[in-house]
Structure formats: structure tokens, C-alpha cells
Amino acid sequence: MFVNTNKEGSVQQTLEVEYGFHSTPAPISYMLDIRDDSDPLRVSLGNAQLRPSKRHDLNIRFSRGRIRQGKFNLNVHYNKSIDDLAMGCTYNPQTGVYTYRPENVSGNWNTRLETNYTQPFGKNKLCTFYTSTSWAYLHSVDLLDSQWSVVNNHQLQEKLSWQVRFGKLGNV
């Protein structure tokens, strides 16, 4: 979905909403019911019950500003995965053998919020100030010793820039 309210000389506003869905089958080599014990301390197994991984993506973008004047943008992103592929590992302390088997895990998701602002300055608009702030949250699920392992990460980022143009010399 795309909405744009452009009128000559007026404030321009844009709203975009985008959704995507992707499904990816597991590699066929992981789905074969084969035991590989060529390394006696590292055994690999297949898993014929693996399901395709599915991913949902949602992006929402909003911008508001005037041509050759300040512009504000807001971006929101959300992603959720279902039946991701994880390599499960179990260790037998009595034999010293690690056994690996692919499994499906669900619960991976992340979100990101970003806002930025651009403002040209000066008589001929040769100077431009830019700032961007973003925050992301990542919820990651994996397998560790056949147990679910959950890791949560927060990321915060700030960017500032000042650009000056000198006619034919370009940007500095």
C-alpha cells in the first residue's frame, strides 16, 4: 500500500506499508534418515520430520517534508520466523560423543524503529544536517544440549552528519 499527498509547494507526506511472506524448505541432505558416524566422536543424524521455515516481514514507512526543506522519516520493521532450522547437539559424557540433528524451532522475531531528519541550510541550500536514531530488539531462539536457548538483544544507534557542497567541487 502506498499513499502520497504531493501538492506543488506544499508539505509532502508519504505512507508505505509492505508485507512479505517467504517459505523455505529444509535442505534435502538434512531430511534424509542417514546416520553419519565416520567420526566416532561426532555423529550426525538426519530428520525426515523437518518442516519448511516460514518468515513474515512487515515494513511501515512514513515521511513528511518539503522539497529543499526539512524532511522527517519514521520507519518501523517487524519480522517473525516460524520453524527455523537449528542444529541440535547432545553430548554423552560417558562416551564423549557429540550427536547433531537438525530440528525446527519457532520464536525468532525482531523489530526495529528508526527515525531520521534532514535539514538543508543556507541561501542556496548548500549545507545539510542529518540525524538518525534507531532502536532494534532481537529475540533469538536456538538449541543448546537439546534445550531451548533464548537470547534477547537491544541495539541503539545514532548517526549525525553535516554536509557542505561547493558548486563544481562536489561534497565535503
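Please refer to the structure higher up on the page.
This is a predicted model, so every value here is computed, not measured.

K.L.:
Would you mind showing me how to read the pattern of salt bridges here?
P.N.:
Two side chains carrying opposite charge are able to pair once their charged atoms lie near each other. Enumeration according to the criterion identifies seven salt bridges in this entry. Of the charged contacts, one joins glutamate 18 and arginine 61 as a salt bridge, the two residues approaching to 3.3 Å between their closest N and O atoms. Of this pair, glutamate 18 sits in strand β2 (residues 12–24) while arginine 61 sits in strand β5 (residues 53–65); the two residues are 43 residues apart in sequence, bridging distant segments of the chain. The closest approach of N and O atoms between lysine 54 and aspartate 83, which form a salt bridge, is 3.1 Å. Linking lysine 54 in strand β5 with aspartate 83 in the loop between β6 (71–82) and β7 (84–92), this pair joins segments that are 29 residues apart in sequence. Overall, lysine 54 belongs to the partly exposed group, its relative accessible area being 23%. One continuous salt-bridge network, built from bridges that share partners, spans Glu16, Glu18 and Arg61.

K.L.:
Got a minute to help me understand the environment of glutamate 114 in this structure?
P.N.:
Along the chain, the position of glutamate 114 falls in strand β9 (residues 109–121). The sequence separation of glutamate 114 and glycine 88 amounts to 26 residues, and the corresponding C-alpha distance is 35 Å. The residues contacting glutamate 114, other than those within four sequence positions of it, are Asn73, Leu74, Asn75, Ser132, Thr133 and Ser134.

K.L.:
Teacher, can you tell me more about a nonpolar patch on the surface here?
P.N.:
Taken together, the side chains of Tyr19, Phe21, Leu58, Ile60, Phe72, Leu74, Val76, Tyr78, Leu113, Tyr117, Trp135 and Leu156 present a nonpolar region at the surface, about 1,100 Å² in accessible area. Listing elements by their share of the nonpolar patch, those giving two or more residues are β2, β5, β6 and β9. The biggest single contributor to the nonpolar patch is β6, with four residues. Residue position: leucine 113 is located in strand β9.

K.L.:
So what exactly am I meant to see when it comes to the sheet that holds β7 here?
P.N.:
Within a sheet, each strand pairs with its neighbour through backbone hydrogen bonds, oriented either parallel or antiparallel. As summarised here, the arrangement of the four strands in space is β3-β4-β8-β7, forming an open sheet in which the pairing is mixed. Looking at strand neighbours, the two that pair on one side only are β3 (35–39) and β7, the edges of this open sheet. When strand polarity is set aside, the average angle formed by the axes of neighbouring strands in this sheet is 25°.

K.L.:
Please clarify how the packing of aromatic side chains should be interpreted in this entry.
P.N.:
We describe a pair of aromatic rings using the distance from one ring centre to the other and the angle between the two ring planes. Scanning all chains against the criterion turns up six aromatic pairs. The interplanar angle of 25° and the centroid separation of 5.6 Å between the aromatic rings of phenylalanine 121 and tryptophan 162 together place this pair among those described as stacked. Taken together, the residues span a long stretch of sequence, with phenylalanine 121 in strand β9 and tryptophan 162 in strand β11 (residues 147–164) at a distance of 41 residues. With relative accessibility at 36%, the residue phenylalanine 121 sits in the partly exposed group. Among the residues examined, tryptophan 162 registers a relative accessible area of 49% and is labelled partly exposed. Their ring planes at 55° and their centres at 6.5 Å tell us that phenylalanine 129 and tryptophan 162 sit as a pair that is tilted.

Definitions and cut-offs
Residues numbered from 1 in each chain as written. Predicted model: local features only at pLDDT ≥ 70, side-chain atom pairs only at ≥ 80, totals over all residues. Heavy atoms only, no water. Salt bridge = Lys/Arg side-chain N within 4 Å of Asp/Glu carboxyl O. Helix = DSSP H or I, 4+ residues; strand = E, 2+ residues; numbered from the N terminus. Buried < 20%, exposed > 50% of the residue type's maximum accessible area, 1.4 Å probe, protein only. Contact = heavy atoms within 4.5 Å. Patch = residues over 30% accessible without salt bridge, like charges linked within 9 Å, V, L, I, M, F, W, Y side chains within 5 Å. Areas by Shrake-Rupley, 256 points an atom, 1.4 Å probe, with all protein chains shown as cover. Pairing = 2+ DSSP bridges. Axes fitted to C-alpha atoms, helices over the stretch in contact; angles between N-to-C directions. Phe/Tyr/Trp six-rings, centres within 6.5 Å; stacked < 30°, edge-to-face > 60°.

Just distances and angles here, no functional claims.
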